Amino acid sequence: MAKNNLLNTLQEKFPRLILEKNDNLDNIADIEEFDAKKLLHPLYKPEGFDESLLNEIIDLIPKEEISEDILKMYIFLKNNI
């Protein structure tokens, strides 16, 4: 999100939100109800789904934050969708 200058957009939407590195924001109920599609879709599907753009986003996720379960789910989805 920082790479695409979207942190300010989140900060404007949630002014009480304190964005800290490595915070998954699970403790903020407003985030659960936030429809992030308008914010995130342009990152990987500006004119329809673009797998290369999605892979660029995924490559930005630090490896230590990706659990084996998430990796298995990603491989399953990629192979079956």
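Calculation criteria
Once a new chain begins, its residue numbering starts again from 1 and follows that chain's sequence as written. Under the rules for a predicted model, residues below a pLDDT of 70 receive no local features and side-chain atom pairs below 80 are neither given nor counted, while totals for whole chains, interfaces and linings still include all residues. Where side-chain values are given, they derive from all heavy atoms of the structure, hydrogens and water being excluded. A run of DSSP states H or I qualifies as a helix once it reaches four residues; a run of E qualifies as a strand once it reaches two. Both are numbered from the N-terminal end. In what follows, residue pairs with any heavy atoms lying within 4.5 Å of each other are defined as contacts. Exposure was quantified through the Shrake-Rupley algorithm and a 1.4 Å probe, taking into account, for residues, occlusion by the shown protein chains and nothing else. The pLDDT score gives, residue by residue, the confidence of the prediction method on a 0 to 100 scale.

**Student:** Help me understand the overall build of the protein in this model?
**Tutor:** The helix and strand inventory of the protein stands at 5 helices and 0 strands. Traced from its N-terminal end to its C-terminal end, the protein shows the element sequence α-α-α-α-α. Counting only contacts in the protein whose residues sit at least 6 apart along the sequence, the fraction spanning at least 24 positions is 29%. Of the roughly 7000 Å² of accessible surface on the protein, a fraction of 53% belongs to carbon and sulfur atoms.

**Student:** What should I look at first to understand the confidence of the model for the protein in this one?
**Tutor:** Caution is warranted with low-pLDDT regions, since their predicted coordinates should not be read in detail. Summary statistics for the protein give a mean pLDDT of 78 and a share of 79% for residues scoring 70 or more. The secondary-structure element of the protein with the lowest mean pLDDT is helix H2 (residues 29–33), recorded at 65, while helix H4 (residues 51–59) shows the highest, at 86.

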